[in-house]
Amino acid sequence: MDSFLNHLGFDPGILIIALAVICIGLLVYNVILTVMFSNMKKSYRTFMKGRDGASLEDILKVIVEDNQKVKEHETINTKAIEEFRTQLGFCSQKQAIVKYNAFSGMAGKLSFVICQLDEKNNGYLMNCMHSPEGCYTYMKNVTAGAVDVALSEEEKQALLEAVQVNHHSRM
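Conventions used here
- Residues numbered from 1 in each chain as written.
- Predicted model: local features only at pLDDT ≥ 70, side-chain atom pairs only at ≥ 80, totals over all residues.
- Heavy atoms only, no water.
- Core = buried A, V, L, I, M, F, W, Y, C linked by side-chain atoms within 4.5 Å.
- Buried < 20%, exposed > 50% of the residue type's maximum accessible area, 1.4 Å probe, protein only.
- Helix = DSSP H or I, 4+ residues; strand = E, 2+ residues; numbered from the N terminus.
- Contact = heavy atoms within 4.5 Å.
- Pairing = 2+ DSSP bridges.
- Arc of directions from axis to C-beta.

**Q** Could you clarify how one ought to interpret the nonpolar core in this entry?
**A** Among soluble globular proteins, nonpolar side chains are generally buried collectively. Counting 13 residues, the largest nonpolar core has Cys115, Leu117, Leu125, Val142, Val147, Ala158 and Leu159 as the members making the most contacts within it. At the level of secondary structure, the elements contributing two or more residues to this core comprise β1 (94-100), β2 (111-117) and α3 (153-163). Those residues in contact with Leu159 that sit more than four places away from it in its chain are Cys115, Leu117, Leu125, Val142, Gly145, Val147 and Leu151.

So, in structure tokens, the structure goes:
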């Protein structure tokens, strides 16, 4: 009997082997898809356990409401932070201390100048001079980094050091 396979011009066994390989490949691919579907179905059952479409809708509503509350609190917190930053501008942010020996006859640097300024360089200078007779303290107001009275060299140094403090480096 004469078969049409004999007229192909190549060995029909090769065609049969190629088709068998393709069938085996499709079978393996089918097994893989079946396993993946089974895993997905198991995950879906676990997720949906005790729930229906209505309960999932309720859960999503709660999540959306919670998200809205978080956004509202974020707005409130952002405003509060801005208020704190404004208030911090008036707090002492820049300091300098210069120790010195007010009287050459005394041992050690017992006298000192403290300068405390806010972010706009407003604040005070406090000079504590220690002498054999006692301790004398002087206060001088600082406005915009300037003082309207004469300053000692130590006071000038403390004021310059405090003004030069970069208070933005910590933010």
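**Q** Help me understand the pairing of β1, please; the structure alone is not making it clear to me.
**A** The two faces of the sheet receive side chains in turn, since in a regular strand these alternate between them. Alternating residues of β1 divide into Lys94, Ala96, Val98 and Tyr100, all buried, and Gln95, Ile97 and Lys99, none buried. Taken together, the seven bridges between β1 and β2 define a ladder with antiparallel strand orientation. When the sheet's bridge partners are listed, Tyr100 is paired in β2 with Ser111.

**Q** I would appreciate a short explanation of the environment of Glu154 in the present structure.
**A** Positionally, Glu154 belongs in helix α3. Residue classification places Glu154 among the partly exposed positions, given a relative accessible area of 24%. Along the backbone, Glu154 and Ala102 are 52 residues apart, and their C-alpha atoms lie at a distance of 9.8 Å.

**Q** Would you mind going over α3 with me for this structure?
**A** Think of an α-helix as turning once every 3.6 residues; residues three or four places apart then point the same way. Those residues of α3 lying buried are Glu155, Ala158, Leu159 and Ala162. Taken end-on, α3 shows its buried residues confined to a sector of 100°, consistent with a single buried face.

**Q** Just to check I follow, could you spell out unusual backbone geometry for this structure?
**A** As a rule of thumb, non-glycine residues mostly have phi less than zero, and peptide bonds are mostly trans rather than cis. Unusually for a residue other than glycine, Asn121 sits at a positive phi of about 65°. As for its placement among the helices and strands, Asn121 is situated in the loop between β2 and β3 (123-131). Judged by relative accessible area, which is 16%, Asn121 ranks as buried. Non-glycine residue Ala144 carries a positive phi angle of around 55°. Mapped onto the elements, Ala144 comes out in the loop between β4 (134-142) and α3.

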